[in-house]
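# Residue-level structural notes
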Amino acid sequence: MLNELNGKVLIDGALVKGKGPQSPVENPANGAQIGAIATAQPAEIEAAVSAARAAFGPWAALPAVTRAKHLHALGDAIAQDADPMARLMTLEQGKPVNEARGEIMKLAETCHFYAEEATRIHGETIPNDTTDMESTVLREPIGVVGAITPWNYPAELVGWKLCGALAAGCTIIIKPAEITPFTALAIGQKCIDAGIPRGVVNVLTGPGSVVGQALVEHPGVDKIAFTGSSKVGLHIQKSATTVKRMALELGGNCPLVVTQTADLDAAVKGAARRSFRNCGQICIAINRIYVARPVYDAFITKLAEAADALTIDDGLSNPGADMGPMASAEPLAKTKEHLADAVAKGARVLAGGAAPVGDEYENGHFFRPTVVADCTHDMQIMTEETFGPIVGVAPFDTLSEAVTLANDTPYGLASYVYAKSADEIRYLGQRLDYGNVAVNNVDAGIINAPYGGRKQSGVGYEHGREGMLEYMNFKHLRVRYDLPEGAG
Ligand code: NAD
């Protein structure tokens, strides 16, 4: 699969060799070069935008049920090739194959979900002050979408945009992260296989500051759907040269509150999963945990044991490993920086704190799952996004203190609670200032409910009906009717 995608871009229905300079793509488990991407050139960017513009009218004019058929076909094509697509993802991103396969299957599910949503694009009629007037609200696709995505979920983060946009009747140009381009190109290939008309889906590769920025500034791109860091999101918002719709899904620093009534074993299991899965490279990873003081010692002891029990390996040769390498040197360096900062300020390392030992780890970006106790809010780990396999833990005395601490960052993406008392759940559920609050579970996002951040975690929603309406304009059509001649 990789050979067919290496160095390619997808423009106007054809996967072709990119004309620009090539940069290497590496396997994060061992540093070996697996392929290269071409930096899309201005003429290629123009060609992609022109193709998407030309395809927009006919695609939007298709009956919704026909767009739905295309999306169902895409979901089937992706599910059929889930194994090679998963291995490709592991090769460029590092997550173990079983986890990558799960992500590919969720992408297929997303295609089917939005296929069905496409057939439910309803309007509204609104009563007027006089009976001769009628207001109708129509929903119309925005146009050409520029989708700019990060590397941590190379399939799903493309898929939410692709499927929402296509269901709505938009066309799209995808610019994936530099280090995980091949999953996006493979999705592009599947769009061709599924018979999606040429120009509807295009994929351009290259540096964000060049190719992504060109889409942001291009007057022919009507909407930017961006997932990535808060820093780049803010830059994109500021640097658009024309007014255009934007959805910005940005960074997070997500808290977990464990109350005295919590099922402690369930809380530990949830915390270990959501702190360390995908090496903590999840925007909704649990980054910090506040634990009621009476159960604090028991919780941190159990969490350290759970972290130490996780297996770390090359996810290609060991598909069932709990953790693979981190995706690149950059998040690994930040993880080490946040760890050193916490230790220097008095935190205790209870698990991890270093790379695993062994020849097989020597050339990869591996790091052990790390639990740091007795943390305070002057430590980076408690207020900044780490995006690594490390979690800070601190005790609290009252629920209102837990809420204050949990809300004390610029972020508002997801938060978690473990508690048995309904009163505690209600108290925390109402006060946590986050777009997603998961209670007694750690899966804050499901495909049929809206998912989005507050504060510096972004604007806009993906998933759910809302994730399709993001790609639509509303039109108010207000008509005055006369009684027809001869009505009597
Ligand atoms: P990033 O912001 O560095 O890059 C994201 C994408 O933006 C890449 O494709 C990159 O090439 C592109 N880009 C960079 N500069 C650009 C510019 N000037 N103009 C246009 N595009 C540009 O993020 P990353 O390191 O790839 O991903 C990690 C970040 O993504 C984390 O902060 C994480 O929290 C965030 N994230 C958020 C969500 C969410 O749903 N809120 C989901 C996953 C990841």
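In this report, we go over the structure that sits alongside the text. (Residues numbered from 1 in each chain as written. Predicted model: local features only at pLDDT ≥ 70, side-chain atom pairs only at ≥ 80, totals over all residues. Heavy atoms only, no water.)

Here the focus is the sheet that holds strand β22 (residues 472–480). The strand order β5-β6-β22 describes an open sheet built from 3 strands, whose pairing is antiparallel. Lying at the two open borders of the sheet, with one neighbouring strand each, are β5 (124–126) and β22. Strand-to-strand twist in this sheet, taken as the mean axis angle between neighbours without regard to direction, amounts to 25 degrees. (Pairing = 2+ DSSP bridges. Helix = DSSP H or I, 4+ residues; strand = E, 2+ residues; numbered from the N terminus. Axes fitted to C-alpha atoms, helices over the stretch in contact; angles between N-to-C directions.)

Okay, the packing of helix α8 (residues 208–217) against helix α9 (residues 230–239) next. At a closest axis distance of 9 Å, the pairing of α8 and α9 adopts a crossing angle of 40 degrees. It follows that α8 is oblique to α9 by the angle criterion. Of the two elements, α8 crosses α9, and the hand of that crossing is right-handed. Residues Q213, V216 and E217 of α8 form the contact with α9, whose participating residues are H235, I236 and S239. Among the residues forming the contact of α8 with α9, the class breakdown is 2 nonpolar, 3 polar and 1 charged. (Parallel < 35°, antiparallel > 145°, perpendicular 65-115°, else oblique. Left-handed = near helix turned anticlockwise from the far one by under 90°. Contact = heavy atoms within 4.5 Å. Nonpolar A, V, L, I, M, F, W, Y, C, P; charged D, E, K, R; others polar.)

In total, this model carries 22 salt bridges according to the counting rule given. With a shortest N-O distance of 3.4 Å, K223 and E470 are connected by a salt bridge. Highlighted residues: K223 in strand β10 (residues 223–227) and E470 in the loop between α16 (466–469) and β22, separated in sequence by 247 residues. K223 gets classed as buried once you look at its relative accessible area, which sits at 0%. According to the relative accessible area criterion, E470 is buried, its value standing at 15%. With a closest N to O distance of 2.7 Å, R480 and D482 form a salt bridge. Here D482 falls in the exposed class, since its relative accessible area comes to 56%. Here the residues in one salt-bridge network are D81, K190 and D193, joined through shared partners. (Salt bridge = Lys/Arg side-chain N within 4 Å of Asp/Glu carboxyl O. Buried < 20%, exposed > 50% of the residue type's maximum accessible area, 1.4 Å probe, protein only.)

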